[in-house]
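The residues making up each chain are set out below.
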2 protein chains.
Amino acid sequence: MLLEMISTGEEVLSGQIVDTNAAWFADCMMNLGIELNRRSTVGDRMDDLCAIFTERSIEADLILVNGGLGPTSDDLSAAAAAKACGVPLLEHAQWRSHLEEWFRKRGRTMAASNLKQCLLPQGAVLVDNPAGSAPGFRVKLNRAWLFFTPGVPVEFKQMVQEQFVPFMQQQFRQGLATRLCKLLTFGHGESTLADRIDTVPLPDGITLGYRPSPPHVEIKIFARGAAAIASQDSYVHALQQLLADAVVSTRYSTIAEEVHHLLSERQVTLALAESCTGGMLSSQLVDFPGSSAYLQHCVVSYADAAKTGILGVDATILARYGAVSPETAIAMAKGARSILDSDYALAITGIAGPEGGSAEKPVGMVAIALTDREQCFVQVVQLSQRSRNLVRTMSCAVALDMLRRHLLGTGPLTSYPFLPARQSYREAHH
Amino acid sequence: MLLEMISTGEEVLSGQIVDTNAAWFADCMMNLGIELNRRSTVGDRMDDLCAIFTERSIEADLILVNGGLGPTSDDLSAAAAAKACGVPLLEHAQWRSHLEEWFRKRGRTMAASNLKQCLLPQGAVLVDNPAGSAPGFRVKLNRAWLFFTPGVPVEFKQMVQEQFVPFMQQQFRQGLATRLCKLLTFGHGESTLADRIDTVPLPDGITLGYRPSPPHVEIKIFARGAAAIASQDSYVHALQQLLADAVVSTRYSTIAEEVHHLLSERQVTLALAESCTGGMLSSQLVDFPGSSAYLQHCVVSYADAAKTGILGVDATILARYGAVSPETAIAMAKGARSILDSDYALAITGIAGPEGGSAEKPVGMVAIALTDREQCFVQVVQLSQRSRNLVRTMSCAVALDMLRRHLLGTGPLTSYPFLPARQSYREAHH
């Protein structure tokens, strides 16, 4: 099966938005063991759309088209598909009554422009969109099935998973059985991981992929064929042994999700104190339903007055060591924990930049503390100064990894090869 | 001039890395007023590369090719270009001595694999790469100039700016000038906006684009040619008059960034209390350098005990009205504001789902309060239940819009057509 993707839209073509749908789709196909042969990107121009539909339909078996199904005048995918197929656009009565019903239920009047979304090329097969007003559809042209999907990411992803993938699997029987395992790593660069992994012989039929997605690098171990699938588990196990500390999850795709599940399983409580990360750590955990079972509160103590006033940090500690120091991080963690007597607390204070650094405390220097009822751990790391967002993202990951290690009993302090640790220690509570 | 781009490489095609070079290039061209006609992405396979070079060379005038010039065996761009042109690869003596000199100066021996980078298609024009070991080159094939550039972003960008752009400008005299204006809207769907905007006659040479990116819809107004550029400002002004409340920024791409600048300009202070959004609102503001000037603290009062213990919410209010109620939202906002006597405070409490809803208080019901020293405003909105993340994102945007409107003196309470307001009122402080 030759699979291609066509991304449409001026914003994607002109670089105003990065084509995350395309990256997501390719990754999704890779997880199924299917290779994409080509991706093309064109703007919202009738001639360009028609030309590419026709041209690619001669070469490919299946083409996923993304975007251009909205209600406005620059959404031309359905009209271009009709023109390429040499058929008229016809109103799809069933979708029209579905849309009218949808608006009626919400007490709203359907805009005239939504009517345009009921027009499909004659003979097209409607593809349901439970999340939005634009239906998907598919048409056969020359050699290929063209499968049209909406550009809104949440609608696109649902349609790919629930409709495109089953259609593809039914239409084109895949060859060999495939199986994918993943290891989520943190704290090592892609090349360091690869150099280590290359020392283990790769079994036949197994391929490796590295997907850096800060703060993590995900390692994909892909097995193709029954023999490879049979040897996959022991190979993955060997990699886990080899990488040890660097593997932060074998079941989830972020360290936040791993920690969310560890906390939920253990029925413990957590409090947070954030300074430079400004609520990012809290928000990463609240992303998951059920986080209310363990997360009691987070204090974003952005001003020094909030550190003393809400968290009870001693003003003399702030004055003597500064807001970004292991001493302040420890005091923030202890203060956050004690407010509701939580089982654990994490605190982060650092210099996210781009301003505010000094020779002694440069941008990217972050102090992170973890406390429970008995003891406190702190480390000061020097993160890349590349961007404010990266400093904040990496700070959250280090904090989560400290808690993860502590929950698993491996000791919260470790050294990450690519984060020079400036200072780290443990102290018992007074 | 018909301009296209071809991105090469398995990592880009398979979505393991997002093609930021492509987005950067298209944006760079747009800033020069030049439209890209198509972008194609193929893997590192000889047949696919040859096929696409030949095929696009018949259609386009100028093709920027990115990637595949490295020293390893999967870098095939030069060999594929030679094959497509029907010429042999020849060693470029000048680049070889340049490379040898480069390694000698650094006291390193040139690896055998670097010799491969001295091989160019016969007749190709070398393009200097001052930043790396892979030279660029250009060849004429059929109608097109194919311009080959390295994949390493820093080398790629320098080559585009210093060599590709001057070549393009000299080779193809550019046509019309272009200019882009943007309006950021919130609270209306794409189709409602389009229906309203369609009532204003569109001047010649101006095109419109809608980019929904929740919680916003961005409207882009492109002008092409001197006459269109001259009429653009008055057309944009007419749209602003027409859309009034819906336009939340004419200068930034998120409502958070607009509010960040308003707060910074006015030198006022802000405190936050978040429940269901869990720090997302705080984190959105902390994203911007300089937010420490106004943001004093945020309390993520996820547990009821945090609402009473940290924010001082009266336990009888919680018991009588529940955690998700206008009364609790007001008490949270007042409590957050008074901790450090901030000028303003925002509070959000709601049901993000997917669990936890009831008939009376369904998932997506969110109470949002704004307070200053004199008065308090609250509204309860019913958001789409589509996803936990969407409820949280939209809640933050409504809160930010209330503050934005208040700072601009337009009154914080408004009704958003697509968010049924359940209740909203203003109360003076006691």
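Here, every reference points to the structure presented above.
Predicted, not measured: the structure shown is a model, and the values here were computed from it. (Residues numbered from 1 in each chain as written. Chains lettered and ligands numbered in written order. Predicted model: local features only at pLDDT ≥ 70, side-chain atom pairs only at ≥ 80, totals over all residues.)

Caption draft 1: Just helix α10 (residues 255-266) of chain A, in detail. Residues and elements named next belong to chain A. If you check α10, its first and last C-alpha atoms are 17 Å apart, about what 12 residues at 1.5 Å a residue would give, namely 16 Å. Along α10, the residues that are buried comprise Ile 255, Ala 256, Glu 258, Val 259, His 260 and Leu 263. The elements touched by buried residues of α10 are β9 (178-186), β11 (216-224), β12 (247-249), β13 (270-274), α11 (280-286) and α15 (388-408). (Helix = DSSP H or I, 4+ residues; strand = E, 2+ residues; numbered from the N terminus. Expected span 1.5 Å × (residues − 1). Buried ≥ 20, exposed ≤ 12 C-beta atoms within 10 Å, placed from the backbone. Contact = placed C-beta atoms within 7 Å.)

Caption draft 2: Seen up close, the sheet that holds strand β1 (residues 3-8) of chain B. Reading across the sheet, the 12 strands line up as β6(A)-β7(A)-β8(A)-β3(A)-β1(A)-β2(A)-β2(B)-β1(B)-β3(B)-β8(B)-β7(B)-β6(B) and stay open at both edges, with mixed pairing between neighbours. Where the open sheet ends on each side, the last strands, each with one partner, are β6 (125-127) of chain A together with β6 (125-127) of chain B. Across the sheet, the mean angle separating the axes of adjacent strands is 20° when strand polarity is ignored. Docked against the sheet, helix α3 (residues 46-59) of chain A engages β1 (3-8), β2 (38-42), β3 (62-66), β7 (136-141) and β8 (144-149) of chain A together with β2 (38-42) of chain B, running at close to 165° with respect to β2 of chain A. The sheet contacts of helix α7 (residues 153-171) of chain A involve β3, β6, β7 and β8 of chain A, and relative to β8 of chain A the element is tilted by about 165°. (Pairing = 2+ DSSP bridges. Axes fitted to C-alpha atoms, helices over the stretch in contact; angles between N-to-C directions.)

Caption draft 3: Looking closely at helix α5 (residues 93-105) of chain A. Helix length check: α5 of chain A, at 13 residues, gives a terminal C-alpha distance of 18 Å against a target of 18 Å (1.5 Å per residue), a fit within 8%. Gly 107 of chain A, located one to two residues past α5 of chain A, shows a positive phi value of around 65°.

Caption draft 4: View of the pairing of strand β16 (residues 365-371) of chain A. All names here are of chain A. Across the seven residues that make up β16, a large majority, seven, are buried. Every second residue of β16 is oriented toward a common face, with Met 365, Ala 367, Ala 369 and Thr 371 on one face and Val 366, Ile 368 and Leu 370 on the other, all of them buried. Direction of pairing for strand β15 (residues 344-350) relative to β16: antiparallel, over a ladder of six bridges. Bridge pairing in β16 places Thr 349 opposite Ala 367. Alignment of β16 against strand β17 (residues 375-382), held across seven bridges, turns out to be antiparallel.

Caption draft 5: Seen up close, the interface of chain A and chain B. Of the residues lining the interface, 65 residues belong to chain A; the matching set on chain B comes to 61 residues. Examining the composition of the side of chain A that touches chain B, we find that eight residues originate from one element, helix α2 (residues 20-31) of chain A, more than from any other. Class assignment for the residues of the side of chain A that touches chain B results in 32 nonpolar, 22 polar and 11 charged. Pairing of β2 of chain A with β2 of chain B, which is carried by five bridges, proceeds in the antiparallel orientation. Bridge pairing in β2 of chain B places Ser 40 of chain A opposite Ser 40 of chain B. (Nonpolar A, V, L, I, M, F, W, Y, C, P; charged D, E, K, R; others polar.)

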